[in-house]
Amino acid sequence: MKQLCHYSDIEESSAKGFNIEGTPLFVVKKEGAVYVYQNLCPHLSIPLEYAPNQFLDSEERFIICSNHGALFNIENGACVSGPCVDDALTPIQHTVKDNCIYVNI
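Residues numbered from 1 in each chain as written. Predicted model: local features only at pLDDT ≥ 70, side-chain atom pairs only at ≥ 80, totals over all residues. Heavy atoms only, no water.

Caption draft 1: Structural view of the nonpolar core. Ranked by size, the top nonpolar core spans 17 residues in total, and within it F26, V28, L48, I63, F72 and L89 carry the most contacts. Only β3 (23-30) and β4 (33-38) provide two or more residues apiece to this core. Excluding anything up to four places from it in sequence, F26 contacts K16, G17, Y35, V36, Y37, Q38, N39, L48, F55, I63 and L89. Within the second largest apolar cluster, 12 residues are counted, among which are F18, V27, I92 and I101. (Core = buried A, V, L, I, M, F, W, Y, C linked by side-chain atoms within 4.5 Å. Buried < 20%, exposed > 50% of the residue type's maximum accessible area, 1.4 Å probe, protein only. Helix = DSSP H or I, 4+ residues; strand = E, 2+ residues; numbered from the N terminus. Contact = heavy atoms within 4.5 Å.)

Structure follows, in structure tokens:
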């Protein structure tokens, strides 16, 4: 496991991108829970964000692909709207310990 960041580095209802050993990923914090996904749209295998750390829709309810507007559930990465419905983001195994987020790449 590699330390990614401190839990407090991610604001509530926000996301932050990282690149760990060549793997692009991002962390979303929602209602105190942490979710980590690979930063690749399952439709086109391109990064999701349109600007650094811009992974959420305007209402902060879904992860959004900036290229074609696909929406993904934050809690499980499932696509609920767009060209990749029935597909999902790739989750990254992680844990939160001692106020730090660790990932297993």
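Caption draft 2: Focus on unusual backbone geometry. Unlike most non-glycine residues, S45 shows phi in positive territory, near 55°. By the element assignment, S45 lies in the loop between β4 and β5 (62-64). Judged by its relative accessible area of 53%, S45 falls in the exposed class.

Caption draft 3: Spatial organisation of the environment of G69. Secondary-structure assignment places G69 in the loop between β5 and β6 (71-73). Beyond its immediate chain neighbours, meaning those up to four positions away, G69 contacts I64 and S81.

Caption draft 4: Looking closely at the pairing of strand β8 (residues 94-97). Pairing of β8 with strand β9 (residues 100-103) involves 4 bridges; the strand directions are antiparallel. The residue of β9 that forms the bridge with V96 is I101. The antiparallel pairing of β8 with β9 creates a hairpin that spans 2 residues between the two strands, and D98 there sits at a positive phi of about 50°. (Pairing = 2+ DSSP bridges.)

Caption draft 5: Layout of the sheet that holds β6. The 3 strands are arranged β5-β6-β7 in an open sheet whose pairing can be described as antiparallel. The open sheet terminates on both sides in strands that have one partner only, identified here as β5 and β7 (79-81). Taken over all neighbouring pairs, the strand axes of this sheet differ in orientation by 40° on average, direction set aside. One ladder, built from 3 bridges, connects β5 with β6; its direction is antiparallel. Its bridge partner being in β6, I63 is matched across the sheet by F72. (Axes fitted to C-alpha atoms, helices over the stretch in contact; angles between N-to-C directions.)

Caption draft 6: Layout of the pairing of β3. Judged by how many residues are buried, β3 sits mostly within the fold: 7 of 8 residues are covered. When strand β2 (residues 14-20) meets β3, the two strands line up antiparallel, connected through 7 bridges. Residue pairing in the sheet places N19 in a bridge with P24 of β3. Linking β2 to β3, which pair antiparallel, is a turn of 2 residues; within it E21 sits at a positive phi near 50°. Pairing of β3 with β4 involves 6 bridges; the strand directions are antiparallel. Opposite V27, over in β4, you have V36 as the bridge partner. Taking the residues between adjacent antiparallel strands as the criterion, β3 and β4 are bridged by 2 residues, where E31 takes a positive phi near 50°.

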